[in-house]
Amino acid sequence: MAATVNLYLSPLLSTPQQPQSNRSTTTDLIKSCKNLNEIKQLHARFTKQGFNQNPGFLGKLIAKCSEIGSYDSLKYAQTAFDNFCYSEEGLNNTYKFNSLIKGYSLAGLFSDAVLIYARMVLENVEPDAYTFPLVLSACAKDGRFFEGSGIQGLALKWGFGDDMFVLNSLIHLYGECGEVDKARKVFDKMPDRNLVSWTCLICGYARREKAEEAVRLFFEMVEEEGIMPNSVTMVCAISACGKLGALGLAERVCGYIGKAGLKVNTVMVNALVDMYMKCGSVVKAKRLFEECVDRNLVLYNTILSNYVRHGMATEALDVLGEMLSCGGPRPDTVTLLSAISASTEMADVFLGKQCHAYILRNGLENWDSIGNAIIDMYMKCGCQEWACRVFDRMSNKTVVSWNSLIAGFLRNGDVEAACRTFNEMPESDIVSWNTIIGGLVQQSMFEDAINLFRVMQNEGIKADRVTMVSVASACGYLGANDIAKWIYNYIEKYEIHLDMQLSTALIDMFARCGDPASAMKVFNKMKERDVSAWTAAIGAMAMEGNGKRAVELFYEMLREGVEPDQVVFVAVLTACSHGGLVGEGMEIFRTMKDIRGISPQIVHYGCIVDMLGRAGLLKEAIDIIKNMPMKPNDAVWGAFLAACKMHKNDKMATYAADMISESSPDKAGIHVLLSNIYASGGKWTDVAKVRMSMKERGIKKNPGSSSIEVNGTIHEFTSGDESHAEQTSICLMLEEMKCRVREAGHVPDLTNVMMDVDEQEKEFLLYRHSEKIAMAFGLISTSQGHPIRIVKNLRMCSDCHSFAKLVSRVYERHIIVRDNNRFHFFQRGLCSCGDYW
């Protein structure tokens, strides 16, 4: 090999003792060098012969070393520069500095490139039109915004403020650093612009989530300025269309590929495939991929990741199989992440283990993202032990790794393990807190979620939008209005962005806390509203019992062009049911399929049965049940039974009972309701049969309980509860309430006691219902004028309802009760439901 090199260099080394001084000969000799060894030999010979004194020789040598771009060649160039540069007295060294800056930048050593420029400034070497684009490019690639801004000032000082190359480099710098507004200012002030100017700005917008502006600028360039794009412009514009998901717009942009006479290379194919996938045109993306003969790893990863994103795990695995079996490029971490995601989506732990084995065989397990994905895969496939093994063996456990493990525990319902892991974390971030708080909410551990949020505040961690969505949900389920107001004030104080999701959560929170006025204030402040926001507002009106306003909101939503979904129909039909708006409800139900093309589901039929049953139209309700396109479930029969109980129709209830024994034999609520119907009619033998059947099947009745929030603390009471610390005061208040409401005309409705005991015992039991105990505690624990808010887990009985109305009048208190069906707002002896519930 050495002989070959020497023979190859022999023409260079046979240069006469007095070499020619022709500059073109010097340039040719240096250009012909293929590697650093050849440069060194040529340099040594020419130095020995004194040829290095030729003006410009050293600059060409440094430029050639920089062009090779290896670490050793740059080190040699730097040494040559340091040792010999200033032997050329009186010569301009700008070219040499530029060469070094360019070399370091091309090699990815951006910091060194900027340091060479700094040395150039310190040594008072005058820059030229090439210096600033080179160093600004290095700053752009390394995200050095502040250094780039300083260099801009020096460019102005040296008189390059109007130089197109310098200005283009500035646009590129600002775009890469995310300062697209500054890039636009430079662009707008340019006396002249070329294709590079437009492309830099378009790419800056496209990469910084301003895709709409990028596309607008593209059309301004081609249609108004008549400048045809190059391949870089096209790739950026196509990517912007993908982010917008606008297929029509994308097709217009793609039309300029042909108009500009551009060749579709692999980079452009990759952008097109990604764009078509994101625009939902999977068939076109697939065809482009299959027609591409030069598929590289980036293209494979693009199609794989998009298939996974679209939930097309099978198609993704087909591509992966082709990639592995047909001699395609070797999979990298991005490929494996898509493969693991596909196996996770399919819950295919065998495939996941195959991916894991490939990762281990190829030494890819040390990549954090890979380890985290494997943990997530095993957790979602139910292999918690395997996930823990992967976690334990990770050499670098990042916060994301811990978060993945916690999320997996919560997903599998192992709250204890999740909390233990959270407490063991060496460091946590906002995602950690959001994960554990959100997990507690999903597990219906609402008080724990609120308490953990308080701990988070005590530790000085600022919540974000995601935190507040979870906390608002927890607060809504608890019905804690004081906490709800504090949450809203917290959001305003710390200026947390109120997007549609958080605003919707707040509407739902206030509605569940019995504060529909605050819910509607949040709704009215929203600049944009999706169907979920409208649903929350309609639900708030439904809970309040304001069915008329709920229906008005529904039609307002339609007029604003928001397409309804199945959930909003549930909300508006519920509002019609609670408000007794039978005609409006049936009309809306008919429009679901006939006008909106939405097939009613069983939940919608349940709403209709409930609405007709409440109105006493039991025959019509049973006709709906008989003609349903699906088998009625326990919710439908429960609604019908509740109507039978309300209207004391034992015959219909008996028919329903026969049907329930077939469809919902193990539902506690249904059997309890049936037992109550028999008890109301004094049919104690039938009551005994139902209760014996429940006992044989192991069905247990949920005890009635009511909770009330006082000074930020939630107190819960069960029927007949005597365990509270304030029990003595509560009992005294109950006796006082009993006397005062009797004087106001209350007659106990003993039919609400579902036990075969004497009337005196029934009355005693009736006055120990959980909502009455909560009311008594509210009266002794809160000041006059303060609303009493109670949340009950079961439907409020008729006696407690009439009792609460009189308490609100006698004690001049606003009492709000949320049962498992709706809200009751008691004030001055009246209820918002109009006794229709």
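Treat the numbers as computed from the prediction; the structure is a model and nothing was measured.

Participant: Go over the overall build of the protein chain, please, and point to the residues and values.
Facilitator: Check the secondary structure of the protein chain and you find 45 helices and six strands. Counting only contacts in the protein chain whose residues sit at least 6 apart along the sequence, the fraction spanning at least 24 positions is 63%. Working note: accessible area of the protein chain is about 39,600 Å², and carbon and sulfur atoms make up 51% of it.

Participant: Any details on the packing of aromatic side chains? Residues and values, ideally.
Facilitator: Applying the stated criterion across every chain, the model contains 23 aromatic pairs. Ring plane angle 70° and centroid distance 5.9 Å describe the contact between Tyr-488 and Phe-510, whose orientation is recorded as edge-to-face. A residue pair is termed long-range when its members are at least 10 positions apart, and Tyr-488 in helix α29 (residues 481-493) and Phe-510 in helix α30 (residues 500-512) qualify at 22 residues. One exposure class covers both Tyr-488 and Phe-510, and it is buried. Through pairs of rings, three or more aromatic residues link up here, namely Phe-453, Trp-486, Tyr-490 and Tyr-494.

Participant: Account for the state of the cysteines, with residues named and values stated.
Facilitator: Inspection of the entire model under this criterion finds one disulfide. Between Cys-203 and Cys-236 runs a disulfide, and the two sulfur atoms are separated by 2.1 Å. Measuring the twist about the S-S bond at about 100°, one finds the Cys-203-Cys-236 disulfide to be right-handed. Here Cys-203, found in helix α12 (residues 195-207), pairs with Cys-236, found in helix α14 (residues 231-244); they are 33 residues apart in sequence, far enough to count as distant. Each member of the pair, Cys-203 as well as Cys-236, carries the same accessibility label: buried. Left without a disulfide partner, Cys-797 is nearest to the cysteine sulfur of Cys-800, which lies 3.5 Å away.

Participant: Before we move on, could you go through helix α13 (residues 211-224) and cite the residues and values that matter?
Facilitator: Taking 1.5 Å of rise per residue, the 14 residues of α13 would be expected to cover 20 Å, and the 19 Å separating its terminal C-alpha atoms lies within 8% of that figure. Tucked inside the fold, the buried residues of α13 contact α11 (180-189), α12, α14 and α15 (247-259). At the exit of α13 stands Gly-226, carrying a positive phi of roughly 70°.

Participant: Outline the UniProt feature "repeat: PPR" (unreviewed entry) in the protein chain, listing residues and values.
Facilitator: UniProt's feature table lists "repeat: PPR" (unreviewed entry) at residues 93-127, 163-193, 194-229, 296-330, 398-428, 429-463, 499-529 and 530-564, given in the numbering used throughout. Secondary structure within residues 93-127 divides into 74% helix and 0% strand; the distance between the first and last C-alpha atoms comes to 9 Å. Between the end C-alpha atoms of residues 429-463 the distance is 10 Å, and the span holds 74% helix and 0% strand.

Participant: Got a sec to walk through the packing of α14 against α15? Specific residues and values, please.
Facilitator: The contact between α14 and α15 brings their axes to 9 Å, and the two run at 170°. Between α14 and α15, the crossing angle belongs to the class labelled roughly antiparallel. For the pair α14 and α15, the contacting residues are Met-234, Ala-237, Ile-238, Cys-241 and Leu-244 in the first and Leu-249, Ala-250, Val-253, Cys-254, Tyr-256 and Ile-257 in the second. Taken together, the residues of the contact of α14 with α15 sort by class into eleven nonpolar, no polar and no charged.

Participant: Describe the sheet that holds strand β3 (residues 788-792), with residues and values.
Facilitator: Read across the sheet, six strands follow the order β2-β1-β3-β4-β5-β6 without closing on themselves; strand pairing throughout is mixed. Edge positions in the open sheet fall to β2 (713-718) and β6 (830-831), since each of these has one partner strand only. With three bridges joining them, strand β1 (residues 705-710) and β3 adopt antiparallel strand pairing. Its bridge partner being in β3, Ile-708 is matched across the sheet by Ile-790. Together, β4 (815-818), β5 (823-827) and β6 form the strand contacts of helix α45 (residues 798-810), whose direction differs from that of β5 by roughly 35°.

Participant: Before we move on, could you go through the pattern of salt bridges and cite the residues and values that matter?
Facilitator: In this structure the tally under the stated criterion is 26 salt bridges. The salt bridge involving Glu-220 is made with Arg-216; its shortest N-O contact spans 3.0 Å. One end of the pair, Glu-220, and the other, Arg-216, are both in helix α13, four residues apart, so they sit about a helical turn from each other. Note that Arg-465 is salt-bridged to Asp-499, the shortest N-O span being 3.1 Å. You can see Arg-465 sitting in helix α28 (residues 465-478) and its partner Asp-499 sitting in the loop between α29 and α30, a full 34 residues away along the chain.

Participant: Could you give me a rundown of the side chain of Thr-504, with the residues and numbers involved?
Facilitator: With respect to the helices and strands, the residue Thr-504 is situated in helix α30. Setting aside residues no more than four positions away along its own chain, Thr-504 makes contact with Met-526, Asp-530, Ser-532, Ala-533 and Ala-536.

Participant: Explain unusual backbone geometry to me, and be specific about the residues and the numbers.
Facilitator: Its identity as a non-glycine residue notwithstanding, Lys-648 has a phi of 55°, on the positive side. For Lys-648, the position within the fold is in the loop between α38 (634-646) and α39 (650-663). Take Lys-648: its relative accessible area is 66%, and that puts it in the exposed class. Positive phi values are uncommon outside glycine, yet Glu-812 reaches one of about 50°.

Thresholds applied
Residues numbered from 1 in each chain as written. Predicted model: local features only at pLDDT ≥ 70, side-chain atom pairs only at ≥ 80, totals over all residues. Heavy atoms only, no water. Helix = DSSP H or I, 4+ residues; strand = E, 2+ residues; numbered from the N terminus. Contact = heavy atoms within 4.5 Å. Areas by Shrake-Rupley, 256 points an atom, 1.4 Å probe, with all protein chains shown as cover. Phe/Tyr/Trp six-rings, centres within 6.5 Å; stacked < 30°, edge-to-face > 60°. Buried < 20%, exposed > 50% of the residue type's maximum accessible area, 1.4 Å probe, protein only. Disulfide = S-S within 2.5 Å. Expected span 1.5 Å × (residues − 1). UniProt positions renumbered as here; feature names shortened; annotations may be inferred. Axes fitted to C-alpha atoms, helices over the stretch in contact; angles between N-to-C directions. Parallel < 35°, antiparallel > 145°, perpendicular 65-115°, else oblique. Nonpolar A, V, L, I, M, F, W, Y, C, P; charged D, E, K, R; others polar. Pairing = 2+ DSSP bridges. Salt bridge = Lys/Arg side-chain N within 4 Å of Asp/Glu carboxyl O.

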